[in-house]
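Okay, here's what each chain looks like letter by letter:
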Amino acid sequence: MPLTHADTPLRLGVNIDHVATLRNARGGRDPDPVRAALLAQQAGADGITLHLREDRRHIVDADLPAIMAAVSLPINFEMAATAEMQAIALAHKPHAVCIVPERREERTTEGGLAVAGETARLGAFIAPLAAAGSRVSLFIAPDEAQVEAAAAVGAQVVELHVGAYCDYCAEGDEEARDAELRKLFSAAALAQDLGLEVHAGHGLNFDNVGPIAAIPELVELNIGHFLLGEAVFVGLEAAIREMRRQMNLARM
Ligand code: PXP
């Protein structure tokens, strides 16, 4: 039994939220997130990720069943821990549900979930989702207390928030970047020791993905905004294939 997954290719979950952002900018149907999901599948994505936010600023309710019906890939449904979202997840039973913190005024998911302060509520919240057959993932900062709390509440997966690492990369702050990377390495190792599957995401691009993809315990990366931006210039398929190539390179 290998102790790490470094010898296996990393799964790439493609987040297609921002195809819907563009669609919603004009109303109507174009560009269609279903078409993007099908193209991502063709380009070698291992899963499709979508985040139904409370304010429906990108993905809307009808997108989830439409995408589930169109693609054969596993669907990772990101949502806040609210009764409304729980009912939607229970109605559709996606392969995975990733619980994320959500604040109406934020531009994107800005931090990790405060699992450690909310174990009773989150434990009760995720139990029916797991019982319905969805793999439950918690989106957390690379912090020991949050990893331990995620294991304690019965999550099967943690997705480590790499946003701070990506910000330090963009700012060129090498010291802070390396400190954050060390946190990510040790959170991933702890999570695996506690029996959790480890994913990561938020803010990844061609420049910063290498060191993250090299974290041996990682099984999946979820990437959206950069891929969609890159797609404007080279097409979605080419952007996904290049990301896959860089992930595989970092894994060698
Ligand atoms: N993973 C989670 C849990 C997220 O909330 C997001 C952003 O919605 C992503 C991954 C993808 O982040 P990005 O769009 O920056 O690649």
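Predicted model, so just to flag it, every value in this text is computed and none were measured.

> I keep staring at the pairing of strand β4 (residues 96-99) and nothing clicks. Help me out?
Working note: regular strand, side chains alternate between the two faces of the sheet. Side chains A96 and C98 of β4 all project onto a buried face; the interleaved residues V97 and I99 project onto the opposite face, where all are buried too. Pairing geometry for strand β3 (residues 75-79) and β4, over 4 bridges, is parallel. Bridging across to β4, N76 finds its partner in A96. In terms of handedness, the path from β3 via helix α4 (residues 83-92) over to β4 forms a crossover that is right-handed. Across 4 bridges, β4 lies against strand β5 (residues 135-140) in parallel orientation. Residue pairing across strands places V97 opposite V136, the latter belonging to β5.

> Would you mind going over the site of the ligand with me for this structure?
In the region of the ligand, the neighbouring residues are N15, E78, V100, T109, F139, E159, H202, G203, N222, I223, G224 and H225. E159 is positioned with one of its side-chain polar atoms (N or O) 2.5 Å from a nitrogen atom of the ligand. At 2.8 Å, a backbone N or O of H225 approaches an oxygen atom of the ligand. Protein chains shield 94% of the accessible area of the ligand, which is 400 Å² for the free molecule. In terms of residue class, the shell around the ligand is built from 3 nonpolar, 7 polar and 2 charged.

> Explanation requested: the packing of helix α7 (residues 163-171) against helix α8 (residues 174-193) in the structure shown.
Angle between the axes and distance between the axes are the two parameters that describe a pair of packed helices. One way to put it is that α7 packs onto α8 with a least axis distance of 8 Å and a crossing angle of 160°. Of the possible angle classes, the one that applies to α7 and α8 is roughly antiparallel. Helix-helix and strand crossings are classified by hand; for α7 and α8 the assignment is left-handed. Together, A164, Y165, Y168 and C169 of α7 and A176, R177, E180, L181 and L184 of α8 make up the contact between the two elements. In the contact of α7 with α8, the residues fall into 7 nonpolar, no polar and 2 charged.

> I keep staring at the pattern of salt bridges and nothing clicks. Help me out?
What the rule picks out here adds up to 12 salt bridges. The salt bridge partner of R135 is E197, with a shortest N-O separation of 2.9 Å. Placement of the pair is R135 in strand β5 and E197 in strand β7 (residues 197-201), with a sequence separation of 62 residues. Here E197 falls in the partly exposed class, since its relative accessible area comes to 23%. With a shortest N-O distance of 2.9 Å, R177 and D178 are connected by a salt bridge. Judged by relative accessible area, D178 falls into the partly exposed class, the value being 29%. Salt bridges here are not isolated pairs; linked through shared partners, they connect R56, D61 and E84.

> Can you walk me through the sheet that holds β7 in this structure?
Hydrogen bonds along the backbone pair up the strands of a sheet, which may run parallel or antiparallel. The strand order around the closed barrel formed by 8 strands is β1-β2-β3-β4-β5-β6-β7-β8, and the pairing between neighbours is parallel. With strand direction ignored, the average angle separating the axes of adjacent strands in the sheet is 25°. Of the strands in this sheet, β6 (157-161) and β7 touch α8, which is tilted by about 175° from β6.

Quick notes on the rules
Residues numbered from 1 in each chain as written. Predicted model: local features only at pLDDT ≥ 70, side-chain atom pairs only at ≥ 80, totals over all residues. Heavy atoms only, no water. Buried < 20%, exposed > 50% of the residue type's maximum accessible area, 1.4 Å probe, protein only. Helix = DSSP H or I, 4+ residues; strand = E, 2+ residues; numbered from the N terminus. Pairing = 2+ DSSP bridges. Right-handed = clockwise from strand over helix to strand, strands pointing away. Near = heavy atom within 4 Å. Polar contact = N/O pair within 3.5 Å; in protein donor to acceptor, adjacent residues only side chain to side chain. Areas by Shrake-Rupley, 256 points an atom, 1.4 Å probe, with all protein chains shown as cover. Nonpolar A, V, L, I, M, F, W, Y, C, P; charged D, E, K, R; others polar. Axes fitted to C-alpha atoms, helices over the stretch in contact; angles between N-to-C directions. Parallel < 35°, antiparallel > 145°, perpendicular 65-115°, else oblique. Left-handed = near helix turned anticlockwise from the far one by under 90°. Contact = heavy atoms within 4.5 Å. Salt bridge = Lys/Arg side-chain N within 4 Å of Asp/Glu carboxyl O.

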